[in-house]
Amino acid sequence: MPKGRVLIEVERCKECRLCVNACPFGVLRISERINSRGFHPVEAAVPEKCTGCTLCAIMCPDVVITVERAS
Amino acid sequence: MAKVLMKGNEALAEAAIRAGCRAFYGYPITPQNEVPSYMAQNLPERGGVYLQAESEVSAINMVYGAAGCGVRVMTSSSSPGLSLKMEGISYIAAAELPCVIVNVMRCGPGLGGIHPGQGDYFQAVKGGGHGDYRLIVLAPASVQEMADLTFEAFDLADKWRNPVMILADGLLGQMMEPVKFSQKEPLAVEKPWATTGARGRRPNTVNTLDIVPESLERRNYALADKYSRIAQSETRWQEYKTEDADLLLAAYGTSARVARSAVDMARAEGLKVGLIRPISLWPFPSEPFERHHGKEFLVVEMSMGQLVEDVRLAVNGQGTVHFHNRLGGMVPTPREVLVKIKDILLGGEGQ
Amino acid sequence: MKQVFQRPESLTDVQMHYCPGCTHGIIHRLVAEAIDDLGVRESAIGVASVGCSVFAYDYFNCDMQQAAHGRAPAVATGIKRVLPDRIVFTYQGDGDLASIGMAEIVHAAARGENITVVFINNAIYGMTSGQMAPTTLLGQKTTTTPQGRSIEANGYPIRVSELLATLDGAAYIERVSTHDPKHVRQAGRAIKKAFQTQLEGRGFALVEVLSTCSVNWGMTPQEALDWMRDNMVPYYPLGVYKDSARKEEAAHD
């Protein structure tokens, strides 16, 4: 059970990559899918490594990421 | 309530306070200085806010803010100051914010002088700022009207959610005449649109930006519709000895006082002369001119000829429109107007 | 799992129009979080300026007014004076605040106007496609300084925080940045403190937030953050330039 989890509103993502760069554990990556705005939204490539540290969400200009942490 | 001898500017300020004006944002400029100083002296102790802004540009934007909160708010200035306020006035008209804007005109252009003038007519009634908008423009011709029209301006502003301008001049502002203040209760108007803090309701927004042409066009047509409704119910003027007149003088403000004396002098010499005095400069009173089609008209102004254009439009070629003016702060005298009247009626001199 | 990060209530659900990676979006969130944390959403009245953030009235979930270019501090003054118990803030870019609106911001600060100003310094005019701003750095290329900003032609970039900190009416002035999570968190604390300053009636509060404009700088979002760290921060040092609360504490010690 990973310590944390990220929920991504894929339609709002603008593929700016700031979250990918901010994640210390390489959890996120740009997906192959395309959203309605024509961007490849971000996705959790290695969700099990997520600790719920919220660094990705802090750097997201469009508040696309909600973060949960195991209580 | 007894009459009080008061300066025009101060009577105007007193009337505003009695009308429920609770915020005044101003800036020094002659010849309206008594308005802000009267407000600074009296508004705070009567539950209002007075602030001298860093410029007329800031002052009109402070008015925008307070008006957006639904507060009765006023600013005053003189000609050059109004030029600086034009952008803000366009915003206020576009956002449909009620407020009162006073212009105690001085002679221009440029820095001009500090004596009276009427050269801001076009700026006031045709929209000196950008885009299509209208202000209700009221022109007092006495200290009593400085008070009465200002008092009423606040009700008109709230009734129509539109800025109202008092277009006076330095002479009306500086002279003293007896004045009685209205005992009427100010109109109480609900303002659910105001930005007072979204407590228990959805947020309100005061905004004039709309980059979608279809919806901005709808907003413009809605404004146009409002303006035509205002024209139907708020147009006002005064006629003096016009029933049998062969020659109709047309003038507002100080020029109307002079014209009225000239009418009396002409009547004393058996000449049938009358005066049409627009009180609302916008909406412009065309009806009295249409009713006298075929007559002669003489427009008296302290400008190069601005009101005269609207008179020509109203006369619509049905009669000759003559013009007499003084400039640079010079005020026409009844005698010189009488000479012009005689030229027209007796001398057969054409326009 | 417990939610530890979500969209603040004081941000509407409207998707923001900003370019990918534009830190305006981050700063909007920080302002909204401050308003949420202090529980003042229902008494907040924001004033949007003219620039990329002109649409802020669509993004903040509180009463908003949209002001003419440069005039937000005057509009905010007009509001605060008639509704002194509301929380009034402006959100302005560097063209709006430090160029056309310089008189307004200086006098609002000099008056000690009890408002909160969120000042976004991205060293360029963004909305109008990349012209020089008062904060454009020397040598920085823009559409109106094609050879790079020069002292001879354009003079020196203005350090607004230091400028306003000389005014006694200023109660709290801090400059922060958004180039990495640590600094974004610090910016959030500063913005909250600026709102707190207003709540305590201390007077004028302004937070200058260094921000990116990747499209007009011609960089990727990440390159822009790094360029800001390496070029803007040295010229615009971060830190607290005025804090009347601390001065008061010092006075008591």
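Residue positions are given per chain, counted from 1 along the sequence in the order it is written. For this description, chains carry letters from A and ligands carry numbers from 1, given in the order in which they are written. In view of the model being predicted, local features appear only for residues whose pLDDT reaches at least 70, and side-chain atom pairs are presented and counted only at 80 or more, with totals across whole chains, interfaces and linings using the full set of residues. Hydrogens and water molecules were not included; the side-chain quantities draw on all heavy atoms of the structure.

(A) Expanded view of the overall build of chain B. Comment: elements are numbered from the N terminus, with helices defined as DSSP H or I runs of at least four residues and strands as E runs of at least two. From N to C terminus, chain B includes 12 helices and 15 strands. Here the radius of gyration uses the C-alpha set of atoms, whereas the globule reference equals 2.2 Å times the residue count to the power 0.38. The C-alpha atoms of chain B give 21 Å as radius of gyration, which agrees with the globular expectation for 351 residues (20 Å, within 12%). Its C-alpha atoms put chain B at 70 × 50 × 40 Å along the principal axes. Residue contacts are defined here by distance: any two heavy atoms, one from each residue, within 4.5 Å place the two residues in contact. Within chain B, counting contacts between residues at least 6 apart in sequence, those at least 24 apart form 78% of the total. Exposure was quantified through the Shrake-Rupley algorithm and a 1.4 Å probe, taking into account, for residues, occlusion by the shown protein chains and nothing else. For chain B, the computed accessible surface area is about 13300 Å², with 53% contributed by carbon and sulfur atoms. Positive charge is attributed to Lys and Arg, negative charge to Asp and Glu, and no charge count is given to His or to the chain ends. Lysine's charge is taken at NZ, arginine's at CZ, aspartate's at CG and glutamate's at CD. Charged side chains in chain B number 36 positive and 39 negative. The centres of these two groups are separated by 4 Å.

(B) Spatial organisation of the interface of chain A and chain C. Every contact between the two is made by 32 residues of chain A and, on the other side, 31 residues of chain C. Put simply, buried area is the surface a 1.4 Å probe can reach on two separate parts but cannot reach once they are joined, added for both. Both sides together, the interface formed by chain A and chain C hides about 2500 Å², and carbon and sulfur atoms give 62% of it. Of all residues in chain A, Arg-12, Ile-58 and Val-63 of chain A give up the largest surface area on contact with chain C, accounting jointly for 26% of the area buried on that side. Put simply, Asp-13 of chain C and Arg-12 of chain A hold a salt bridge, and the shortest N to O gap is 2.8 Å. When a carboxyl oxygen of Asp or Glu lies within 4 Å of a side-chain nitrogen of Lys or Arg, that pair is called a salt bridge.

(C) Spotlight on the interface of chain C and chain B. Each partner contributes to the interface: chain C provides 32 residues, whereas chain B provides 36 residues. When chain C packs against chain B, close to 2600 Å² is buried across both sides, 56% of that on carbon and sulfur atoms. The interface formed by chain C and chain B holds three salt bridges in total. In this structure, Glu-54 of chain B engages Arg-111 of chain C in a salt bridge whose closest nitrogen and oxygen atoms are separated by 2.8 Å. Think of a polar contact as two N or O atoms within 3.5 Å of one another; within protein, one of them needs to be a possible hydrogen donor and the other a possible acceptor, and neighboring residues in sequence only count if both atoms come from side chains. The tally of links from chain C across to chain B stands at 16 residue pairs in polar contact (both at pLDDT 80 or more). Listed by contribution, the elements that provide at least two residues to the side of chain C that touches chain B are β2 (44–48), β3 (63–66), α3 (72–82) and α5 (102–110) of chain C. Considering every element that reaches the side of chain C that touches chain B, the biggest residue donor is α3 of chain C, with seven residues.

(D) Local environment of the packing of aromatic side chains. Centre distance within 6.5 Å is the pairing criterion for rings of Phe, Tyr and Trp, where only the six-membered ring of Trp is used; planes under 30 degrees apart are then read as stacked, over 60 as edge-to-face, and the remainder as tilted. One pass over the full model with this rule turns up 14 aromatic pairs over all chains. Ring centres 5.8 Å apart and planes at 40° place the aromatic pair Tyr-121 of chain B and Tyr-252 of chain B in the tilted group. On the criterion of sequence distance, the pair formed by Tyr-121 of chain B in helix α5 (residues 121–127) and Tyr-252 of chain B in the loop between β11 (247–250) and α9 (253–268) is long-range, its members being 131 residues apart. Members of the aromatic cluster, joined through ring pairs, are Phe-60, Phe-89, Tyr-91 and Phe-195 of chain C. Arg-161 of chain B extends its terminal NZ or CZ atom over the ring of Trp-193 of chain B, reaching a point 4.3 Å from the ring centre. In this scheme, the term charge over a ring applies when either NZ of a lysine or CZ of an arginine sits within 6 Å of the ring centre and within 35 degrees of the ring normal.

(E) Summary view of the side chain of Lys-80 of chain C. Residue and element names in this part refer to chain C. Along the chain, Lys-80 turns up in helix α3. Buried and unpaired, Lys-80 has no salt bridge, with Asp-85 as the nearest side chain of opposite charge at 7.1 Å. Residues within four places of Lys-80 in sequence aside, it is in contact with Arg-86, Val-88, Asn-114, Ile-115 and Gln-198. When a residue's accessible area, from a 1.4 Å probe over protein chains only, is under 20% of the maximum for its type it is buried; when over 50% it is exposed; and in between it is partly exposed.

(F) Structural detail: the pattern of salt bridges. Taken as a whole and judged by the stated rule, the model has 42 salt bridges over all chains. With its nearest N and O atoms 2.8 Å apart, the salt bridge here joins Asp-155 of chain B to Arg-72 of chain B. Of this pair, Asp-155 of chain B sits in helix α6 (residues 143–160) while Arg-72 of chain B sits in the loop between α3 (56–68) and β4 (73–77), and the two are 83 residues apart along the sequence. Looking at Asp-155 of chain B, the relative accessible area reads 9%, which means it is buried. Across the salt bridge formed by Arg-246 of chain C and Asp-243 of chain C, the nearest N and O atoms sit 4.0 Å from each other.

(G) Spotlight on the sheet that holds strand β15 (residues 321–325) of chain B. Residue and element names in this part refer to chain B. In this description, strands pair whenever DSSP reports at least two bridges between them. Read from one edge to the other, the open sheet built from five strands follows the order β10-β12-β11-β14-β15, with strand pairing classed as mixed. Every interior strand has two partners, whereas the edge strands, β10 (237–240) and β15, have only one. Direction aside, the axes of adjacent strands within the sheet are offset by 20° on average. In this structure, β10 lies alongside strand β12 (residues 273–278), joined through four bridges in antiparallel fashion. Looking at β12, one finds that Gln-238 is bridged to Arg-277. With axes taken as lines fitted to C-alpha atoms, and helix axes fitted only over the stretch in contact, angles between N-to-C directions fall between 0 and 180 degrees.

(H) Examining the pairing of strand β7 (residues 163–169) of chain B more closely. Residues and elements named next belong to chain B. Counting buried residues in β7 gives seven out of seven residues, a clear majority hidden from the surface. A two-sided burial pattern is seen for β7, the buried positions comprising Pro-163, Met-165, Leu-167 and Asp-169 on one face and Val-164, Ile-166 and Ala-168 on the other. As defined by bridge partners, strand β5 (residues 99–105) adjoins β7 across seven bridges and the pair is classed as parallel. Opposite Val-102, over in β7, you have Ile-166 as the bridge partner. Where strand β6 (residues 136–138) meets β7, three bridges bridge the pair, whose relative direction is parallel. When the bridges of β7 are listed, Ile-136 appears paired with Val-164. Once the chain exits β6 it traverses α6 before rejoining the sheet at β7, and the crossover so formed is right-handed. Crossovers are marked right-handed if the path from the first strand over the helix to the second runs clockwise, as seen with the strands pointing away from the viewer.

(I) View of the sheet that holds strand β9 (residues 205–206) of chain B. The strand order β9(B)-β3(C)-β2(C)-β4(C)-β5(C)-β7(C)-β6(C)-β8(C) describes an open sheet built from eight strands, whose pairing is mixed. The outermost strands of the open sheet, each flanked by one partner alone, are β9 of chain B together with β8 (239–243) of chain C. Where β9 of chain B meets β3 of chain C, two bridges bridge the pair, whose relative direction is parallel. In the sheet register, Thr-205 of chain B faces β3 of chain C, and the bridge partner there is Met-64 of chain C. Sheet strands touched by α3 of chain B: β9 of chain B together with β3 of chain C. Its angle to β3 of chain C, the strand with the most contacts, is close to 150°. The sheet strands contacting helix α1 (residues 24–37) of chain C are β4 (87–93), β5 (116–121) and β7 (204–210) of chain C, and the helix crosses β4 of chain C at an angle near 170°.

(J) Quick peek at the arrangement of the chains. Between chains B and C lies the most contact-rich interface of the two pairs of chains that touch. Without any contact between them, chain A and chain B keep their closest C-alpha atoms 20 Å apart.

(K) Region of interest: the domain arrangement of chain B. Residues and elements named next belong to chain B. Just so you know, the domain bounds were taken from an automatic or database domain assignment. Considered domain by domain, chain B is made up of domain 1 (4–233) and domain 2 (238–346). With centres defined by C-alpha atoms, the gap from domain 1 to domain 2 works out at 28 Å. Of the residues lining the interface, 32 residues belong to domain 1; the matching set on domain 2 comes to 24 residues. The largest share of the area that domain 1 buries against domain 2 comes from Gln-118, Tyr-121 and Phe-122, three residues that together contribute 32% of it. Counting across the domain 1 and domain 2 interface gives three salt bridges.

(L) A positive patch on the surface, seen in detail. Patches were defined on residues exceeding 30% relative accessible area and lacking a salt bridge, with like-charge contacts within 9 Å and nonpolar side-chain contacts (Val, Leu, Ile, Met, Phe, Trp, Tyr) within 5 Å. The grouping of Arg-69 of chain A together with Lys-2, Lys-182, Arg-185 and Arg-189 of chain C at the surface amounts to a positive patch. A per-element tally of the positive patch places helix α8 (residues 181–199) of chain C first, with three residues. Within the secondary structure layout, Arg-185 of chain C lies in helix α8. With relative accessibility at 38%, the residue Arg-185 of chain C sits in the partly exposed group.

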